[in-house]
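Here is how the chains run, residue by residue.
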Amino acid sequence: MTNDVSRRDAIKFAAVLAVGAGATTADLALGQQADKPTETADVNTTRDAFLAQAKQYPESLMLGEPVILMLNTDKYSRDLLITSAVDEQGNKVEVGVRSRCVRIFRADPTVDEFTSQGGVYWRFRDFSGKVKLKTTPGWGHAHSGAIVMVVREEETVRLYTMNLDLRC
């Protein structure tokens, strides 16, 4: 068995996780607030529609070449934290990535010079580090931050930049 994950497999995996998470979240929300009317999210409150679309429809985007990190795990369930990220509203957030999970976020280019050049900071247990993302030339991620998909196995972490699939 090989540990290589193709781009197509990563997208399929992310789509399955997104659909499953959405169904689970919807079931929980309906079960917990049965007596309250459901509120619909106002599209205008989302400042980053492209990030919201990437999370909802990851199959519409193309993955760049991965950057691979190897974690020194102790076989306990601990999150990898991406500490230089922003959410759909533009708020600075830490993105937790558990083992065998996929997360999509926008890299925060405003932290310092390293992040403005396509870098991301991370923390795992007592270790912290940084990684330079491989970006597609001509996409101009530096000013807005790249959309990033993190695919984590137990010890192996793959970070992909995501771009619109404009191929014919």
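Use the structure listed above.
So, how was this worked out
- Residues numbered from 1 in each chain as written.
- Predicted model: local features only at pLDDT ≥ 70, side-chain atom pairs only at ≥ 80, totals over all residues.
- Heavy atoms only, no water.
- Helix = DSSP H or I, 4+ residues; strand = E, 2+ residues; numbered from the N terminus.
- Buried < 20%, exposed > 50% of the residue type's maximum accessible area, 1.4 Å probe, protein only.
- Contact = heavy atoms within 4.5 Å.
- Areas by Shrake-Rupley, 256 points an atom, 1.4 Å probe, with all protein chains shown as cover.
- Core = buried A, V, L, I, M, F, W, Y, C linked by side-chain atoms within 4.5 Å.
- Salt bridge = Lys/Arg side-chain N within 4 Å of Asp/Glu carboxyl O.
- Phe/Tyr/Trp six-rings, centres within 6.5 Å; stacked < 30°, edge-to-face > 60°.
- Lys NZ or Arg CZ within 6 Å of the ring centre and 35° of its normal.
- Polar contact = N/O pair within 3.5 Å; in protein donor to acceptor, adjacent residues only side chain to side chain.

Honestly, the overall build of the protein chain in this entry has me stumped. Any pointers?
The number of helices and strands found in the protein chain is four helices and nine strands. Sorting the 168 residues of the protein chain into buried and exposed places 35% on the buried side. Sequence-distant contacts in the protein chain: of pairs separated by 6 or more residues, those separated by 24 or more amount to 66%. Summed over its atoms, the accessible surface of the protein chain is roughly 10,600 Å², and 53% of this surface lies on carbon and sulfur atoms.

What am I meant to see in the nonpolar core here?
One broad trend across soluble globular proteins is that nonpolar side chains are buried collectively. Ranked by internal contacts, the top residues of the largest apolar core, which has 20 residues, are Leu 80, Ile 82, Phe 105, Trp 122, Val 148 and Leu 159. For this core, the secondary-structure elements that each account for two or more residues are β2 (67-70), β3 (80-86), β4 (92-97), β5 (101-107), β6 (119-124), β8 (147-152) and β9 (156-164). The contacts of Leu 80, once residues within four sequence positions are left out, are Leu 71, Val 95, Gly 96, Val 97, Trp 122, Arg 123, Phe 124, Arg 152 and Val 157. With 11 residues, the next largest nonpolar core counts Val 102, Ile 104, Ile 147 and Tyr 160 among its residues.

What is the right way to look at the pattern of salt bridges in this model?
Under the counting rule described, the total for this entry stands at eight salt bridges. Here Lys 134 and Glu 65 are joined by a salt bridge, their closest N and O atoms 3.2 Å apart. Taken together, the residues span a long stretch of sequence, with Lys 134 in the loop between β7 (127-132) and α4 (141-144) and Glu 65 in the loop between β1 (61-63) and β2 at a distance of 69 residues. Residue class for Glu 65 comes out partly exposed when judged on its relative accessible area of 46%. Between Asp 108 and Lys 92 there is a salt bridge, and its shortest N-O distance comes to 2.7 Å. Of this pair, Asp 108 sits in the loop between β5 and α3 (113-116) while Lys 92 sits in strand β4; the two residues are 16 residues apart in sequence, bridging distant segments of the chain. Residue class for Lys 92 comes out exposed when judged on its relative accessible area of 57%.

Any chance you could explain the packing of aromatic side chains here in plain terms?
Enumeration according to the criterion identifies one aromatic pair in this entry. Arranged with centres 5.5 Å apart and planes meeting at 55°, the rings of Phe 114 and Tyr 121 form a pair that is tilted. Residue classification places Phe 114 among the buried positions, given a relative accessible area of 19%. Assessed through its relative accessible area of 22%, Tyr 121 is described here as partly exposed. The cationic tip of Lys 130 hangs over the ring face of Phe 114; the distance from NZ or CZ to the ring centre is 4.6 Å.

Sorry, what's going on with the side chain of Thr 161 here?
Of note, Thr 161 is situated in strand β9. Separated by 3.0 Å, the side chain of Thr 161 and the backbone oxygen of Lys 134 make a polar contact. Apart from residues no more than four positions distant in its own chain, Thr 161 is found in contact with Met 62, Leu 63, Gly 64, Leu 133, Lys 134, Thr 135, Ala 146 and Ile 147.

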